[in-house]
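# Survey of secondary and tertiary structure
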Amino acid sequence: MSEDKRFPLSWELKMPKMGESITEGTIINWLIAEGDSFEEGDIILEVATDKVDNEVPAPASGILVKTLFHAKDVVPVGAVMAILEVSEEAKSSKKENVIQSDREESHKIQNELKKKRIVIPRAVEESRSTSFLTTNSNTFFSPLIIKIAKEQHISFEELARIPATGMEGRLRKSDIFNYIEEGRPFKFAQPVAEKDPTAYRIPQLQFDKGKGKIIEMDRMRQMIADRMVYSKHTSPHVTAYVEADMTNMVQWRNANKVAFQEKHGERLTFTPLFVEAVAKAVKDFPNINASVDGTNIIVKEDINIGMATALPSGNLIVPVVKNADTKSLEEIANNVNALAVKARENKLGGEDIKGSTFTISNVGTFGSVMGTPIINQPEVAILALGIIKKRPEVIETEKGDEIAIRSMMYLSLSFDHRVVDGFLGGSFVRRVADYFEQFDINRKI
């Protein structure tokens, strides 16, 4: 009889990487408690990344020994979330993907900061009775935090003054962006030489935010807020406007929407027509289909059109029509309708919202004449489409100038002025308008 030589082994359960651009995840809740056993494939916890909820399964049968993070904590990809006890047969997970140079620099900064004392203000009610406080538990910075600080030109001493909400006083990504949104009140803190040359005086800036009903942001709204602030601080936004005569497209769509649905089994809204035209314009101006990586510009090979979509909760999400330039109008309509249904039913998956290279936002759906959209990072431009509205316009005919009732729409393109100049941005949005205006009224469905 053979003896079973399997022994319990310690296993580090790490935050998995669930997408190329995803650097962290938010723990929604633990489904297995400390001390509980589980089977291979059981869901241990739920994680939110890039606005989509994901389940993390058990790699093998075992026991959950200890959790290192709690619900609502933001965890970098590769960080250890829990310690499991599994059998010897279980294979070890991949090594944590942390750049060695960042780690060494992080340790160096921690040691330097420990030599200094930082004065951070107490809560508002305490600050009235005392001018400053000598606390400095916020001296550990992850490689992700260091990377963001570099991008935002925040010194490590200023970083140490930012109020932290993470476990054991650790600084989170959202803490930095909230601090930036508040105007970086600790940026110009001055040393208090008469008391302690290593201490700092923090300006006591307080704002009256008024009284009213307090509504806590849900997880998705917090992520949206972080992304919007990050985008505005990353990309210098410029917006270009044009207007387009949509009469031919409107007339063709109204005349063919019933026949289109009968033939193809798909509703024909304006969105597939917009996606089709935008994809053609992107193909004409490929540099608008890009992202920035330091001093490099990455021009994408695929043309994937993201569609800013409102969920029933009022939050925003961006499902993606992949390779839109290669698809027929019927295929685009099928994709658009399927994604819209998933969004309404909160069933969008990670693949549905991944890979966008250029985004459109149909602000006209809500009656807006035009908009100034915020770029969907890491893209370099976003197009807002206003409401289609009838109004009298002067048009050129064989008889000369005449006044006619036309269906008009404003287009507004927000672009990243680091890499997109006025010529490219203006030419691109004009080309989209041209495709709208030159729509073939005799097109077959």
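Please refer to the structure higher up on the page.
Residues numbered from 1 in each chain as written. Predicted model: local features only at pLDDT ≥ 70, side-chain atom pairs only at ≥ 80, totals over all residues. Heavy atoms only, no water.

## Structural notes on the pairing of strand β18 (residues 358–361)
The test is simple: Burial status follows relative accessibility: with a 1.4 Å probe on protein chains alone, a residue under 20% of its type maximum counts as buried, one over 50% as exposed, and anything between as partly exposed. Numbering goes from the N terminus for both helices and strands, where a helix is a DSSP run of H or I of at least four residues and a strand is a run of E of at least two. The rule for pairing is simple: two strands pair if DSSP sees at least two bridges between them.
Taking every second residue as pointing to the same face, both faces of β18 are buried, with F358 and I360 on one and T359 and S361 on the other. Alignment of β18 against strand β19 (residues 381–385), held across three bridges, turns out to be parallel. Directly across from I360, in β19, lies its bridge partner L383.

## Brief notes about the environment of L68
Relative to the helices and strands, L68 resides in the loop between β6 (62–67) and β7 (74–76). Taking relative accessible area as the criterion, L68 reaches 28% and is therefore assigned partly exposed. Residues L68 and A82 lie 14 residues apart in sequence; the distance between their C-alpha atoms is 5.3 Å.

## As for the sheet that holds strand β3 (residues 37–38)
Taken in spatial order, the four strands of this open sheet run β1-β8-β6-β3, and their pairing is antiparallel. In this open sheet, the two edge strands, each paired with only one partner strand, are β1 (9–14) and β3. Pairing geometry for β1 and strand β8 (residues 80–86), over six bridges, is antiparallel. Bridge pairing in β8 links W11 to L84.

## A look at unusual backbone geometry
Across the junction of Q377 and P378, the peptide omega takes the value 5°, indicating a cis bond. Positive phi, normally seen in glycine, also occurs at K72, with a value near 80°. With respect to the element layout, K72 can be found in the loop between β6 and β7. Take K72: its relative accessible area is 56%, and that puts it in the exposed class. Located in the positive-phi region is N323, a residue other than glycine, with phi close to 50°. With respect to the helices and strands, N323 occurs in the loop between β17 (320–321) and α9 (329–344). On the basis of relative accessibility, which here comes to 28%, the residue N323 falls in the partly exposed class.

## Some points on the environment of M408
The test is simple: Two residues qualify as a contact provided that any one of their heavy atoms is within 4.5 Å of a heavy atom in the partner residue.
In this structure, M408 sits in strand β21 (residues 400–416). Look at M408 and you get buried, because its relative accessible area is 7%. It is 6.1 Å that separates the C-alpha atoms of M408 and K390, two residues lying 18 residues apart in sequence. Once you skip the residues sitting within four places of it in the chain, M408 turns out to touch E243, A244, D245, M246, I387, I388, K389, R391 and E393.

## Focus on helix α10 (residues 422–437)
Short version of the rule: What a helix should span is 1.5 Å times the count of its residues minus one. An arc is given here, and it is the one of the directions from the helix axis to the C-beta atoms.
For α10, which comprises 16 residues, the first-to-last C-alpha distance of 22 Å matches the rise-based estimate of 22 Å (1.5 Å per residue) to within 8%. Of the residues making up α10, those classed as buried are L424, G425, F428, V429, V432, A433 and F436. Buried residues of α10, viewed axially, fall in a sector of 165°; they line one side. Of the surrounding secondary structure, the elements contacted by the buried residues of α10 are β11 (237–245), α7 (247–264), α8 (270–284), β18, β19 and β21.

## Section: the nonpolar core
Counted only if it meets this: Buried Ala, Val, Leu, Ile, Met, Phe, Trp, Tyr and Cys residues form a nonpolar core when they are joined through side-chain atoms within 4.5 Å.
With 56 residues, the main nonpolar core has F358, I360, L383, L411, F428 and F436 as its most contacted residues. Per-element accounting of this core gives the leading share, nine residues, to α8. Among the nonpolar cores identified, the runner-up in size contains 21 residues, and L13, I32, F38 and A79 belong to it.

## Quick notes on the pairing of strand β2 (residues 24–30)
Burial of β2 is extensive: five of the seven residues sit out of reach of the surface. Bridge analysis of β2 against β7 gives three bridges, and the strand direction is antiparallel. In the strand pairing of β7, E24 is matched with P76.

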